[in-house]
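Examining the three-dimensional arrangement
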Amino acid sequence: MTWEVLSMIGTVAFAVSGAIVAMEEEYDILGVYILGIVTAFGGGAIRNLLIGVPVSALWEQGLFFQIALLSITAVMLFPNNLLKHWQKWGNFTDAIGLSAFAIQGALYATEMNHPLSAVIVAAVLTGSGGGIIRDLLARRKPLVLRSEIYAVWAILCGFAVGLGIASASFELYTLFIIITALRVLSYTYNWKLPVKRLGTSKSIG
């Protein structure tokens, strides 16, 4: 049951995120739906490829596709004056999607008896893969690679689930709340990982 609830939460969050990014980039109606669907299911598709699950398994999630389509439609029906405030709460939606899908991906790999390393990879790809594809299709630098701490929280999900620290429903929901809160704190206070910059030398002549 926990798996399904987290999947629904992540699907809604990322479908909304993808749809609004598409509208920001002035995509047409079809483009909005495509980007919303890709954001919601892209991470799961990449995860399935890497852990040996047929990508076709995604097509068996009819209910989740319906949820994603309804979420995108709801966003498109929002008044424009509400959508203008996306930047204020959009990161929160993204944080919910990251947390829900990272835990869901880790659970998926754990149930297939994969080692801890694969569980962590599944958590990171499921939690951030859709967002990476979204940003690339929108011709933006992927948020996970350039901004506040992002993928680290997905890695923590992988460790917690893979090591059995969080396994019961209550523990998983608590982990979901903690990771969402950490992601919110990281963009609120601009927490960043160290950046290594290459120096540029100027030629004299």
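Keep in mind the model is a prediction, meaning the values are calculated, not measured.

Things to note about unusual backbone geometry
Unlike most non-glycine residues, Asn113 shows phi in positive territory, near 60°. Mapped onto the secondary structure, Asn113 falls in the loop between helix H5 (86-111) and helix H6 (116-137). One non-glycine residue, Asn190, lies in positive phi territory at about 60°.

Side note on the pattern of salt bridges
Within this structure, the stated rule accounts for four salt bridges. Salt-bridge contacts for Arg140 lead to Glu24; the nearest nitrogen and oxygen are separated by 2.7 Å. Pair noted here: Arg140 is in the loop between H6 and helix H7 (143-146) and Glu24 is in helix H1 (residues 2-24), with a separation of 116 residues, a long-range link. The partly exposed category is assigned to Glu24, whose relative accessible area is 33%. Between Arg140 and Glu25 there is a salt bridge, with its nearest N and O atoms 2.9 Å apart. In this pair, Arg140 is assigned in the loop between H6 and H7 and Glu25 in the loop between H1 and helix H2 (29-51), connecting sequence segments 115 residues apart. Judged by its relative accessible area of 33%, Glu25 is partly exposed. Salt bridges sharing common partners tie together Glu24, Glu25 and Arg140.

Structural notes on the packing of H2 against helix H3 (residues 62-77)
Orientation of H2 relative to H3, taken along the N-to-C sense of each, is 135°, at an axis distance of 10 Å. Compared by their axis directions, H2 and H3 come out oblique. Viewed along their axes, H2 and H3 form a crossing whose handedness is right-handed. Contact residues: Ile29, Val32, Tyr33, Gly36, Ile37 and Phe41 in H2; Phe64, Phe65, Ala68, Leu69, Ile72, Thr73 and Met76 in H3. A breakdown of the residues in the contact of H2 with H3 according to their chemical character gives eleven nonpolar, two polar and no charged.

Rules used throughout
- Residues numbered from 1 in each chain as written.
- Predicted model: local features only at pLDDT ≥ 70, side-chain atom pairs only at ≥ 80, totals over all residues.
- Heavy atoms only, no water.
- Helix = DSSP H or I, 4+ residues; strand = E, 2+ residues; numbered from the N terminus.
- Salt bridge = Lys/Arg side-chain N within 4 Å of Asp/Glu carboxyl O.
- Buried < 20%, exposed > 50% of the residue type's maximum accessible area, 1.4 Å probe, protein only.
- Axes fitted to C-alpha atoms, helices over the stretch in contact; angles between N-to-C directions.
- Parallel < 35°, antiparallel > 145°, perpendicular 65-115°, else oblique.
- Left-handed = near helix turned anticlockwise from the far one by under 90°.
- Contact = heavy atoms within 4.5 Å.
- Nonpolar A, V, L, I, M, F, W, Y, C, P; charged D, E, K, R; others polar.

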